[in-house]
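Commentary on secondary and tertiary structure
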Amino acid sequence: MKTKPHIAVIGAGAFGGWTALNLLERGARVTLLDAWGPGNSRASSGGETRVMRGTYGPDQPYTEMAARALKLWAKYERRWKRQFLHRTGVLWMASGRDDTFERGSVKMLRTAKIEYRELSAPQMKKRWPQINFEGIEWGIFEPECGYLEARASCQAVVEAFVAAGGRYRQASVLPDELENSPLGGVALSDGSLLKADRFVFACGPWLGKLFPKAIGDRVQATKQDIFFFGAPAGDDRFCDTHLPVWADHRGRFRYGIPGRDRRGFKIADDTRGPSFDPTFGERVASPETLKDIREYVGFRFPALKDAPLVETRVCQYEQTPDGDFIVDRHPSNENVWLLGGGSGHGFKHGPAVGEMMAEMILKDRAPEAAWRLGRFHTK
Ligand SMILES: Cc1cc2nc3c(=O)[nH]c(=O)nc-3n(C[C@H](O)[C@H](O)[C@H](O)COP(=O)(O)OP(=O)(O)OC[C@H]3O[C@@H](n4cnc5c(N)ncnc54)[C@H](O)[C@@H]3O)c2cc1C
């Protein structure tokens, strides 16, 4: 009888957690490690919410992947009898002058069979009078999409993994000699050595530090500020019962998630911020970004013009040069897989990434060319 391969997955964020669970479900023996725990406040998967959308512009693999992820989120919600995806819908606001992104998205949504509607400006004004649609000529509405619970779903994945017989340990892998071939084991912060047949490193913004040769600065941590504003007393127009997730992609890409759980109206600017240290960086939002966001809120959501800032968060993107993921074997280490580069849009794909990784690792399949490390040498 063939013995089960022992696979160590390092990092229990959206990418590593789902990968560990999928490997276990397909019969592997899996140990999952995380330095600070699933969805911790330093991880890129930390915080309460993430956008689930299929709109991604033309010619990319992510709309198809989002379609698969939507099915998988629903499958695990049914299985665990818990809700992670709040289907508020996602509204994309487009201007007639520069709508290549939205136009290109429509075809991709249709092909991937993600439900969508094209809306005219009058239709949007009628439906969401709390938004000022000045400069907007049409929109895409994705009714099946919305926002995901981030930290809570990462924790639920690890709980399910442990309940199904997986081994989870809170420990940090030391960045020692990981690029030596072959990798038989990894040294841990508690002084022990973890041996395994194969290793998956899904270490988010830390990936380049652990693999300076293979990855290095091809994964950059950028500081991203997030703001929560408080709506007027008794006003529920900015809660998830009355407002969808929205995105305004003209010029700067700003997006927001309506208030939930009595928290504020969340808004962020997707523009890549300055570089940031995910371990030691102090998570204080910048006054300049706040000023800019406040002006935008006052313009687009006039009733929130003088709304007080009720919370801020600082997260970091783990950004690749082209914004595409990294899914590949280590160039000199057959039994090491590198997974990351979510680049500000990876979370929603977690279940689909986990499924894909498990199939690749257990069936020795090659990763997609678009996600391989070799692409950086040819560009
Ligand atoms: C502000 C912000 C907004 C975003 N918005 C969206 C969105 O709306 N929709 C969307 O789909 N995506 C979004 N993203 C992107 C998405 O959240 C990330 O791409 C995704 O969460 C990355 O997951 P990950 O598992 O690769 O990394 P992480 O979540 O960072 O997980 C890596 C894990 O590895 C652990 N680790 C690191 N080093 C070690 C070590 N040496 N030993 C052991 N463990 C280690 C860490 O503790 C961490 O838990 C956003 C990201 C940010 C920051």
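The structure this text deals with has already been given above.
The structure presented is a predicted model; accordingly, all values stated were derived computationally and were not measured.

**Quick notes on the sheet that holds strand β19 (residues 333–340)**
Taken in spatial order, the six strands make up an open sheet running β9-β2-β1-β12-β19-β18, and their pairing is mixed. Both outer strands of the open sheet, β9 (167–170) and β18 (326–330), are each paired with one neighbouring strand and no more. Across the sheet, the mean angle separating the axes of adjacent strands is 20 degrees when strand polarity is ignored. Note: strand β12 (residues 198–201) against β19, three bridges, orientation parallel. Its bridge partner being in β19, Phe201 is matched across the sheet by Leu338. The strands touched by helix α1 (residues 14–25) are β1 (6–10), β2 (29–34), β12 and β19; relative to β2, the strand with the most contacts, the crossing angle is about 165 degrees. In the packing of helix α8 (residues 350–363) onto the sheet, contacts are made with β1, β12, β18 and β19, and the angle to β19 comes to roughly 170 degrees.

**Description of helix α2 (residues 62–80)**
Across its 19 residues, α2 extends 26 Å between first and last C-alpha, which sits within 8% of the 27 Å expected from 1.5 Å per residue. Within the span of α2, buried status applies to Tyr62, Thr63, Met65, Ala66, Ala67, Ala69, Leu70, Leu72, Trp73, Ala74, Tyr76 and Glu77. With its phi angle positive at about 55 degrees, Lys81 sits one or two positions after the end of α2.

**Things to note about the environment of His242**
Along the chain, the position of His242 falls in the loop between β13 (220–229) and β14 (245–248). Once the C-alpha coordinates of His242 and Gln130 are considered, the two residues, 112 residues apart in sequence, prove to be 9.4 Å apart.

**Quick look at α1**
In a regular helix each residue adds 1.5 Å, so 12 residues correspond to 16 Å; α1 covers 17 Å between its end C-alpha atoms and thus fits that length. What α1 keeps buried is the set Ala14, Phe15, Gly16, Gly17, Trp18, Thr19, Ala20, Leu21, Asn22, Leu23 and Leu24. Immediately downstream of α1, the backbone of Gly27 shows phi near 100 degrees, a positive value.

**Thoughts on the site of the ligand**
Around the ligand sit 36 residues, and of these Asp34, Ser45, Val51, Cys315 and Glu318 come closest. At 3.4 Å, a backbone N or O of Gly344 approaches a nitrogen atom of the ligand. In this structure, an oxygen atom belonging to the ligand sits 3.1 Å away from a main-chain N or O atom of Phe347. Contact with the protein chains hides 98% of the accessible area of the ligand, taken as 1000 Å² for the molecule alone. With four residues, the top contributor of residues to the shell around the ligand is strand β17 (residues 309–319).

**Side note on the state of the cysteines**
This structure, assessed with the given rule, holds zero disulfides. Here Cys145 stays unpaired: no disulfide links it, and the sulfur of Cys154, its closest cysteine neighbor, is 19 Å away. Between Cys203, a free cysteine, and Cys154, which holds the nearest cysteine sulfur, the sulfur-to-sulfur gap is 14 Å.

**Notes on the sheet that holds strand β3 (residues 49–52)**
Pairing is antiparallel in the open sheet, where three strands are placed in the order β3-β8-β4. Edge strands, defined here as strands with exactly one partner in the open sheet, are β3 and β4 (85–86). In terms of strand pairing, β3 meets strand β8 (residues 146–149) through four bridges, oriented antiparallel. Bridge pairing links Arg50 to Leu148 in β8. Strands in contact with α2 are β3, β4 and β8; relative to β3, the strand with the most contacts, it is inclined by about 125 degrees. Against the sheet, helix α5 (residues 150–163) engages β3 and β8, with an angle of about 50 degrees to β8.

**Observations concerning the packing of aromatic side chains**
All told, the structure shown has 25 aromatic pairs when counted by the stated rule. Note on Trp36 and Trp206: the rings are 5.4 Å apart at their centroids and 40 degrees apart in plane angle, and the pair reads as tilted. Of this pair, Trp36 sits in the loop between β2 and β3 while Trp206 sits in the loop between β12 and α6 (207–210); the two residues are 170 residues apart in sequence, bridging distant segments of the chain. Judged by its relative accessible area of 34%, Trp36 is partly exposed. Residue class for Trp206 comes out buried when judged on its relative accessible area of 16%. Ring centres of Phe238 and Phe265 lie 5.9 Å apart, and the angle between their planes is 90 degrees; on these two criteria the pair is classed as edge-to-face. Residue Phe238 is found in the loop between β13 and β14, and its partner Phe265 is found in strand β16 (residues 265–269); the two are separated by 27 residues along the sequence. Using a relative accessible area of 2% as the deciding quantity, one classes Phe238 as buried. For Phe265, a relative accessible area of 2% gives the class buried. Here a set of aromatic residues connected by ring pairs shows up, and it is made of Trp18, Trp73, Tyr76, Trp80, Phe84 and Phe347. The side chain of Arg53 reaches across the aromatic face of Tyr56, ending 4.1 Å from its centre. Over the face of the ring belonging to Phe228 we find Arg263, whose NZ or CZ atom lies 5.0 Å from the ring centre.

Basis of the calculations
- Residues numbered from 1 in each chain as written.
- Predicted model: local features only at pLDDT ≥ 70, side-chain atom pairs only at ≥ 80, totals over all residues.
- Heavy atoms only, no water.
- Pairing = 2+ DSSP bridges.
- Helix = DSSP H or I, 4+ residues; strand = E, 2+ residues; numbered from the N terminus.
- Axes fitted to C-alpha atoms, helices over the stretch in contact; angles between N-to-C directions.
- Contact = heavy atoms within 4.5 Å.
- Expected span 1.5 Å × (residues − 1).
- Buried < 20%, exposed > 50% of the residue type's maximum accessible area, 1.4 Å probe, protein only.
- Near = heavy atom within 4 Å.
- Polar contact = N/O pair within 3.5 Å; in protein donor to acceptor, adjacent residues only side chain to side chain.
- Areas by Shrake-Rupley, 256 points an atom, 1.4 Å probe, with all protein chains shown as cover.
- Disulfide = S-S within 2.5 Å.
- Phe/Tyr/Trp six-rings, centres within 6.5 Å; stacked < 30°, edge-to-face > 60°.
- Lys NZ or Arg CZ within 6 Å of the ring centre and 35° of its normal.

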